[in-house]
Amino acid sequence: MLRPEVLLARRLRREMSLPEVLLWEHLRGQKTGFKFRHQHPIGPYVCDFYCAAVHLAVEVDGEFHGRGDRPLRDAERDKFFEQNGYRVLRVAAGDVLRDIEAVVTMIVSSAASPFHQPAAGPPPRGGEE
């Protein structure tokens, strides 16, 4: 039996909005140098696009994201992602429609700058700084 978020992700892949479809065309494969997945389950949520190599979740926010309880739900979702080691990048759907190249550039530059830099080696022993 599949988890509910996996079933939701499959349904969302079939029902993507126009901005999501356009963005997916630019991110799919490794055209950008990074491998992205779309409608990817993370915990109890499904993010629009996900780059596993850098733990980056990209959310395309349509007009409805500013209405009702949606801003609170988005904040809870972002908090969950961040507490579990994921970075969240929110992109306005209107920006995708207006200038998709700029949006793709922003996403790729975010993916290229990792959350933290790996240590250059083990920490110094006491007194060796």
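Cut-offs applied
Residues numbered from 1 in each chain as written. Predicted model: local features only at pLDDT ≥ 70, side-chain atom pairs only at ≥ 80, totals over all residues. Heavy atoms only, no water. Helix = DSSP H or I, 4+ residues; strand = E, 2+ residues; numbered from the N terminus. Buried < 20%, exposed > 50% of the residue type's maximum accessible area, 1.4 Å probe, protein only. Phe/Tyr/Trp six-rings, centres within 6.5 Å; stacked < 30°, edge-to-face > 60°. Pairing = 2+ DSSP bridges. Axes fitted to C-alpha atoms, helices over the stretch in contact; angles between N-to-C directions. Contact = heavy atoms within 4.5 Å. Expected span 1.5 Å × (residues − 1). Arc of directions from axis to C-beta.

### Thoughts on the environment of Asn84
Working step 1: Inspection of the secondary structure puts Asn84 in the loop between helix H3 (70-83) and strand S4 (87-92).
Working step 2: The partly exposed category is assigned to Asn84, whose relative accessible area is 43%.
Working step 3: A C-alpha to C-alpha distance of 9.5 Å links Asn84 and Ile42, two positions 42 residues apart in sequence.

### Structural notes on the packing of aromatic side chains
Working step 1: Applying the stated rule across the entire model yields six aromatic pairs.
Working step 2: Ring geometry for Tyr50 against Tyr86: centres 5.7 Å apart, planes inclined by 65°, an arrangement best described as edge-to-face. Taken together, the residues Tyr50 in strand S2 (residues 45-51) and Tyr86 in the loop between H3 and S4 connect sequence positions 36 residues apart. Per residue, the accessibility class of Tyr50 equals that of Tyr86, and both read buried.
Working step 3: On the basis of an interplanar angle of 65° and a centroid distance of 6.2 Å, the ring pair of Phe81 and Tyr86 is categorised as edge-to-face.

### Comments concerning the sheet that holds S4
Working step 1: With mixed pairing, four strands are arranged side by side in an open sheet as S1-S2-S3-S4. With one partner strand each, in any of the chains shown, strand S1 (37-42) and S4 form the two edges of the open sheet. Within the sheet, the average angular offset between the axes of one strand and its neighbour, ignoring direction, is 45°.
Working step 2: Sitting on the sheet, H3 is in contact with S1, S2, strand S3 (56-61) and S4, with an inclination near 55° to S2.
Working step 3: Each of S3 and S4 touches helix H5 (residues 100-112); the most contacted strand, S4, lies at about 175° to it.

### Let's talk about unusual backbone geometry
Working step 1: For Gln39, which is not glycine, the phi torsion reads 50° and is therefore positive.
Working step 2: Tracing the chain through its elements places Gln39 in strand S1.
Working step 3: Here the phi dihedral of His55 falls at roughly 55°; this positive angle occurs in a residue that is not glycine.
Working step 4: With respect to the helices and strands, the residue His55 is situated in the loop between S2 and S3.

### Let's talk about the pairing of S4
Working step 1: Burial of the side chains of S4 is restricted to one face: Arg87, Leu89 and Val91 are buried, whereas none of Val88, Arg90 and Ala92 on the reverse face is.
Working step 2: Across six bridges, S3 lies against S4 in parallel orientation. When the bridges of S4 are listed, Leu56 appears paired with Arg87.

### Regarding H5
Working step 1: With 13 residues, H5 extends 18 Å between its outermost C-alpha atoms, agreeing within 8% with the 18 Å of an ideal straight helix rising 1.5 Å per residue.
Working step 2: Listed in full, the buried residues belonging to H5 are Ile100, Val103, Val104, Ile107, Ser110 and Ala111. Down the axis of H5, the buried side of the element spans an arc of 125°, and every buried residue falls inside it. Along H5, the residues that are exposed and aim more than 90 degrees away from the buried face are Thr105 and Ala112.

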